[in-house]
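Examining the three-dimensional arrangement
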Amino acid sequence: MSDDLFLGFDLSTQQIKVIAINSKLEPVLQAYVEFDVDTPEYKTHKGVYTNTELNEVFAPVAMWIKAFDILLGKMQAAGLNFAKVRGISGAGQQHGSVFWSAQAERLLASLNPDMPLEPQLSPKAFSHDMSPNWQDHSTAEECDYLEQKVGGAEILAQITGSKTHHRFTGPQIMRVRHRHPSRYQDTARISLVSSFFASLLLGAIAPLDVSDVCGMNLWDIPNEKFDEEIIQLVAGGAEDEKNDLLHKLGKVEPDGGKILGLINDYYIKRYGFSKDCAITPITGDNPATILALPLRPLDVIVSLGTSTTLLVSTPVYKTSPSYHMFSHPTSKGLYMGMLCYCNGSLAREKVRDEINAVKPSSDASDVWASFNEAALSLPPLGATAEGQKKLGIYFPLPEIVPDCKAGTWRFISDGIALREARNEWNVPLADARAILESQNLSMRLRAGPLLSSTGQPRRVYVVGGGSRNPAICQVTGEVLGPTEGVYRLELSNACALGSAYKALWAVQRKVIREGAYESFEDFLSERWDEKTMINNVDEGYRRGVWEKYGAALAAFDEAEKFAANS
Ligand SMILES: Nc1ncnc2c1ncn2[C@@H]1O[C@H](COP(=O)(O)OP(=O)(O)O)[C@@H](O)[C@H]1O
Ligand SMILES: O=C(CO)[C@@H](O)[C@H](O)COP(=O)(O)O
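Conventions used here
Residues numbered from 1 in each chain as written. Chains lettered and ligands numbered in written order. Predicted model: local features only at pLDDT ≥ 70, side-chain atom pairs only at ≥ 80, totals over all residues. Heavy atoms only, no water. Pairing = 2+ DSSP bridges. Helix = DSSP H or I, 4+ residues; strand = E, 2+ residues; numbered from the N terminus. Axes fitted to C-alpha atoms, helices over the stretch in contact; angles between N-to-C directions. Contact = heavy atoms within 4.5 Å. Salt bridge = Lys/Arg side-chain N within 4 Å of Asp/Glu carboxyl O. Phe/Tyr/Trp six-rings, centres within 6.5 Å; stacked < 30°, edge-to-face > 60°. Buried < 20%, exposed > 50% of the residue type's maximum accessible area, 1.4 Å probe, protein only. Lys NZ or Arg CZ within 6 Å of the ring centre and 35° of its normal. Polar contact = N/O pair within 3.5 Å; in protein donor to acceptor, adjacent residues only side chain to side chain. Near = heavy atom within 4 Å. Areas by Shrake-Rupley, 256 points an atom, 1.4 Å probe, with all protein chains shown as cover. Nonpolar A, V, L, I, M, F, W, Y, C, P; charged D, E, K, R; others polar. Left-handed = near helix turned anticlockwise from the far one by under 90°. Parallel < 35°, antiparallel > 145°, perpendicular 65-115°, else oblique.

This part covers the sheet that holds strand β17 (residues 300–304). Within the open sheet, the seven strands sit side by side as β19-β20-β18-β17-β24-β25-β28. Their pairing is mixed. Each end of this open sheet is capped by a strand with a single partner; those strands are β19 (324–327) and β28 (534–538). Here the average twist between neighbouring strands, direction ignored, is 30°. Both β17 and strand β18 (residues 308–314) contribute to a ladder of five bridges, which runs antiparallel. Across the sheet, residue I301 finds its bridge partner in β18, namely L311. Packed on one face of the sheet, helix α17 (residues 470–480) meets β17, β24 (460–463), β25 (486–489) and β28 and runs near 70° to β28.

This is the structure:
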């Protein structure tokens, strides 16, 4: 029916958000709850707790449930007609895990509609009240152990799509077992943030999602099953410990469009949802982001939020320790390639603030004005007439790619040798262009092999807060050089939008022959209106400029290695 509605939720680090769309893909409602602001009693900072001594970052599970209660209330207050909602999907911050107690299934199945969710589930439904967060860096020991036992980074990447990473769920589960043995023992089931959220909606523990499970370092992507050797290592080494962990993890749903079940009675009685409202698998925030756009081969999404992620959809399962491969969230035979950087917005904001301190913005309403002016006033690589080029590395936080401690490095390259800059660098003004180039060169260096033989994308789609910035869009176009240009998605939350599209597809996809459904890509392309959804924000490839950056890649690689080893 034309007035049917579909919801896409996004349970991310700092907020929980929702977008409601109709069958024509038109957004009809957006709402959000910000943890630090709307659930202040948990006293989180940017949605998390940090124990700097141990490099731990984690979040209280009860806070997410409370925030979900508040969000449902906000949607009700905004007049959303819950009875019209036919399907729900969503996205969760990746890698985080939720540890359910033995009572969880019973508590989920007997929710009382006269009460909010949080006091009914917390603390009894959980064996561990915290969820390790993707910014956690505490599992070096576990990562080294797994990598050494399994045979190195390359092999782990071939099996699980990624080398071990501190934030990945396998090493994190292993650390919970080491640090909190009794809590691990008392754990009946383990969910990812995504399947935890689906469980709240179903009133039963949901299976893991086919794409999000690839962020655990536990799933054998080519063979579509858990890798029992790695599971055994994580679980403690014995056969019965392996079986226990396999049981805790449960099943993985292979079909991203599967109707897992109908919404739990709780939501029907408390909010007036229809009893026909379908719950489909909730996936990770990055896999959900690639569903917000009808990606074609050689298209790239650059998500410029707190972190920067580069995402591609590809039919080729080609692994490397320097990026991640995930199964595609909706389409068997496709994969999502991803790079994830901690130093996205924060690093740019630091340079911006340093520039504003010496050269205050001429436009008080735009804190980025001086930064942008500085970035666009220099030629590519800040090159001098003598051919000296500037290359910088800006990591106020320790970085994931490359694996590098925090620091700032500035170099001069003459095309033959690279050396640390002395006084030829106009700090901080020259940093504006250099940081944008540096972030894009790093992506070009690593994403090239995922793209064509030339490493050149067709289109670059930019999403997230940083995509509002014209200088960022221009330098992205110059360095990555997409043949058809840079496009911005005009709706601010790509992963909630992609989730809402997935819910719609799951409910309405046609059967094309027995056991086979219309693909997500065909479904979306038929309905998606480019003119209303995206804007061309940069021309992309410029003859001569893209080649100049290409010629600087080897020196940039050397600069990164220098930083990583210093
Ligand atoms: N005009 C702009 N130029 C550069 N960065 C911007 C601009 N507007 C917002 N941002 C950045 O976007 C970030 C937030 O983006 P968002 O996509 O909402 O992130 P997240 O979903 O990770 O919270 C902030 O760190 C902010 O600095
Ligand atoms: O760790 C990763 C991806 O590997 C991050 O991209 C998280 O998934 C971040 O989630 P947000 O809170 O930014 O949505």
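After presenting the structure, the write-up continues.
Moving on: the sheet that holds strand β8 (residues 130–132). The three strands are arranged β4-β5-β8 in an open sheet whose pairing can be described as antiparallel. Of all strands in the sheet, those with a lone pairing partner are β4 (49–51) and β8, marking the two edges. Averaged over neighbouring strand pairs, the angle between their axes works out to 35° when direction is ignored. In this structure, β4 lies alongside strand β5 (residues 56–60), joined through three bridges in antiparallel fashion. Each bridged residue has a counterpart across the sheet, and for N51 the counterpart in β5 is E56. Its contacts with the sheet put helix α2 (residues 61–77) on β5 and β8, and the angle it makes with β5 is roughly 40°.

This brings us to the pattern of salt bridges. One pass over the structure, following the stated rule, counts 36 salt bridges. D255 serves as the salt-bridge partner of R509, at 2.8 Å between the closest nitrogen and oxygen. With R509 in the loop between α18 (494–508) and β26 (511–513) and D255 in the loop between β13 (252–253) and β14 (261–262), the pair connects residues that are 254 residues apart, well separated along the chain. For R433, the salt bridge goes to E437, with nearest N and O atoms at 2.7 Å.

This paragraph deals with the packing of aromatic side chains. One pass over the full model with this rule turns up 20 aromatic pairs. Each ring, one from F82 and one from F273, has its centre 4.6 Å from the other, and the planes form 40°; the classification is tilted. Residue F82 is found in the loop between α2 and β6 (85–92), and its partner F273 is found in the loop between α12 (265–271) and β15 (278–279); the two are separated by 191 residues along the sequence. The same class applies to F82 and to F273, which are both buried. Residues Y266 and Y267 carry aromatic rings whose centres are separated by 5.0 Å and whose planes lie at 85° to one another, so their mutual orientation is edge-to-face. Put simply, the rings of F9, F68, F82, F197, Y266, Y267, Y271 and F273 touch in pairs and so form one group of aromatic residues. A cation over a ring is seen here: R352 above W368, with NZ or CZ 4.7 Å from the ring centre. We note R527 situated over the ring of F523; from NZ or CZ to the ring centre the distance is 3.7 Å.

In this section: the side chain of Q93. You can see Q93 is positioned in the loop between β6 and β7 (97–100). Side-chain polar atoms of Q93 contact the backbone oxygen of S12, separated by 3.2 Å. Setting aside its immediate chain neighbours within four residues, Q93 contacts L11, S12, T13, W64, N133, W134, V193 and D285.

Close contacts around ligand 1 come from K17, G305, T306, S345, E349, W368, G464, G465, G466, R468, N469 and I472, and that covers them all. Within the side chain of E349, an N or O atom sits 2.3 Å from an oxygen atom of ligand 1. Taking N469, its side chain carries an N or O atom lying 3.1 Å from a nitrogen atom of ligand 1. Here ligand 1, which alone exposes 580 Å², has 65% of that area covered by the protein. Of the residues in the shell around ligand 1, the class split is two nonpolar, seven polar and three charged.

For the rest of this paragraph, the subject is the packing of helix α5 (residues 140–150) against helix α7 (residues 169–179). In a pair of packed helices, the angle between the axes and the distance between the axes together describe the arrangement. Running from amino to carboxyl end, α5 crosses α7 at an angle of 120°, the nearest separation of the two axes being 9 Å. Between α5 and α7 lies a crossing of right-handed hand. Across from E142, C143, Y145 and L146 in α5, the residues of α7 making contact are P171, M174, R175 and H178. Here the residues of the contact of α5 with α7 are counted per class, giving five nonpolar, one polar and two charged.

Every residue near ligand 2 is listed here: S12, T13, Q93, Q94, H95, W134, R167, D285, N286, M338 and C340. Between ligand 2 and D285 there is a distance of 2.5 Å, counted from an oxygen atom to a side-chain nitrogen or oxygen. Relative to its unbound accessible area of 380 Å², ligand 2 is 90% covered by the protein chains. When contributions to the shell around ligand 2 are tallied by element, the ones reaching two or more residues are α13 (285–289) and β20 (335–341). Class assignment of the residues belonging to the shell around ligand 2 gives a composition of three nonpolar, six polar and two charged.

Moving on, we come to the packing of α18 against helix α19 (residues 520–527). In the contact formed by α18 and α19, the axes pass within 10 Å of each other and the chain directions differ by 105°. By the angle between their directions, the pair α18 and α19 is classed as roughly perpendicular. In this structure, α18 uses Y501, K502, L504, W505 and Q508 to contact α19, whose residues at the interface are F520, F523, L524 and R527. Grouping the amino acids of the contact of α18 with α19 by side-chain chemistry returns six nonpolar, one polar and two charged.

Read these as layout, nothing more, since geometry by itself doesn't imply function.
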